[in-house]
Amino acid sequence: AALEGFRDERPTLNQRFFLGRREEADKCDANDLPCKKLAILDLLAQWNADECEQKYEGYSRLRSCKEIKDKDKNAKNGLYTLMTEDGVTYQTYCDMTTNGGGWTLITSVHENNMYGKCTTGDRWSSQQGSSPNWPAGDNNWANYNTFGSAEAATSDDYKNPGYYDIKAKDVAVWHVPNVTPLKDWRRSEDHTSE
């Protein structure tokens, strides 16, 4: 029996079987399907679900990049998974350095045709064209629709659940040139915060 606070590190019968076969899996040809299956079984045998769940819960239940920064002062700029109050998870970009960090990307307005009016791809106004019958366009400024992805936010419109879920006290506006890769955002932005 295991003592409280100590984990029994001895492999189970299944783990001993798969661990004993690991050397064989490492030596076989990468195109050999039985070899790949053996490697997957070996990986599953070593999986510690408790550790995985603890790491996942660390950030995934947080609602904003500010909450992440408050929990981890060393958090870096990049993509993070957040969760709304209702339990919806989504991935977005967190700026962890500007003015103390904790800035959550909730939206991006991307203009794909400066001379067009409400053309395809203009999700913030209307993709149906300008019409007096639809003065609010697609109404995306005021509804719960989400679209795009954080990684492509300089190439397409983006709106995540944080837009309607996060209660913000400060707002930052960035201008990042079109088609700038995520890894270069911090070097290319021109932004202000209030």
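Residues numbered from 1 in each chain as written. Predicted model: local features only at pLDDT ≥ 70, side-chain atom pairs only at ≥ 80, totals over all residues. Heavy atoms only, no water.

1. Structural notes on the pairing of strand β2 (residues 89–95)
Working step 1: Of all seven residues that make up β2, five are buried, and the element is covered over most of its length.
Working step 2: In textbook terms, the turn of a hairpin is the stretch between consecutive antiparallel strands, and for strand β1 (residues 78–83) and β2 this stretch comprises five residues, one of which, Gly 87, has a positive phi near 95 degrees.
Working step 3: With two bridges joining them, β2 and strand β3 (residues 103–104) adopt antiparallel strand pairing. If you follow Cys 94 over to β3, its bridge partner there is Thr 104. (Buried < 20%, exposed > 50% of the residue type's maximum accessible area, 1.4 Å probe, protein only. Helix = DSSP H or I, 4+ residues; strand = E, 2+ residues; numbered from the N terminus. Pairing = 2+ DSSP bridges.)

2. Re the state of the cysteines
Working step 1: In this structure the tally under the stated criterion is one disulfide.
Working step 2: One disulfide in the model links Cys 65 with Cys 94; its S-S distance is 1.9 Å. On the S-S bond that ties Cys 65 to Cys 94, the torsion sits near -70 degrees, and the link is left-handed. You can see Cys 65 sitting in helix α4 (residues 65–71) and its partner Cys 94 sitting in strand β2, a full 29 residues away along the chain. In this structure, Cys 65 and Cys 94 share a single accessibility class: buried. (Disulfide = S-S within 2.5 Å.)

3. Brief notes about the confidence of the model for the chain
Working step 1: On average, residues of the chain carry a pLDDT of 76, and 69% of them reach 70 or more.
Working step 2: Averaged pLDDT values over the elements of the chain bottom out at 47 in helix α1 (residues 13–27) and peak at 96 in β3.
Working step 3: Overall, residues 1–22 carries pLDDT values under 50, and its contacts beyond four positions in sequence, including any with other chains, amount to 17 contacts.
Working step 4: For residues 52–56, every residue scores under 50 in pLDDT, and the model assigns this stretch three contacts once sequence neighbours within four places are set aside. (pLDDT = per-residue confidence, 0-100. Contact = heavy atoms within 4.5 Å.)

4. Re the packing of aromatic side chains
Working step 1: This model, assessed by the stated rule, comprises six aromatic pairs.
Working step 2: Centroid distance Trp 124 to Phe 147: 5.4 Å. Interplanar angle 70 degrees. Geometry classified as edge-to-face. Of the two residues, Trp 124 is situated in the loop between β4 (107–108) and β5 (158–159) and Phe 147 in the loop between β4 and β5; the sequence distance between them amounts to 23 residues.
Working step 3: Both rings, one in Trp 124 and one in Tyr 163, keep their centres 5.7 Å apart while their planes meet at 45 degrees; by these two values the pair is tilted. With Trp 124 in the loop between β4 and β5 and Tyr 163 in helix α5 (residues 162–165), this pair connects stretches of sequence that are 39 residues apart.
Working step 4: For Tyr 163, a relative accessible area of 24% corresponds to the partly exposed category.
Working step 5: Joined through ring pairs, the aromatic side chains of Trp 124, Trp 141, Phe 147 and Tyr 163 make up one cluster. (Phe/Tyr/Trp six-rings, centres within 6.5 Å; stacked < 30°, edge-to-face > 60°.)

5. What about the nonpolar core?
Working step 1: Counting nine residues, the largest nonpolar core consists of Leu 62, Cys 65, Ile 68, Ala 75, Tyr 80, Leu 82, Tyr 90, Cys 94 and Met 96.
Working step 2: Mapped by element, the contributors of at least two residues to this core are α4, β1 and β2.
Working step 3: Residues in contact with Tyr 90, not counting those within four places in the same chain, are Arg 63, Tyr 80, Thr 81, Leu 82, Thr 84, Asn 160, Pro 161, Gly 162 and Ile 166.
Working step 4: Core analysis: the next-biggest nonpolar cluster, separate from the first, contains seven residues, Ala 153, Tyr 158, Val 176 and Trp 185 among them. (Core = buried A, V, L, I, M, F, W, Y, C linked by side-chain atoms within 4.5 Å.)

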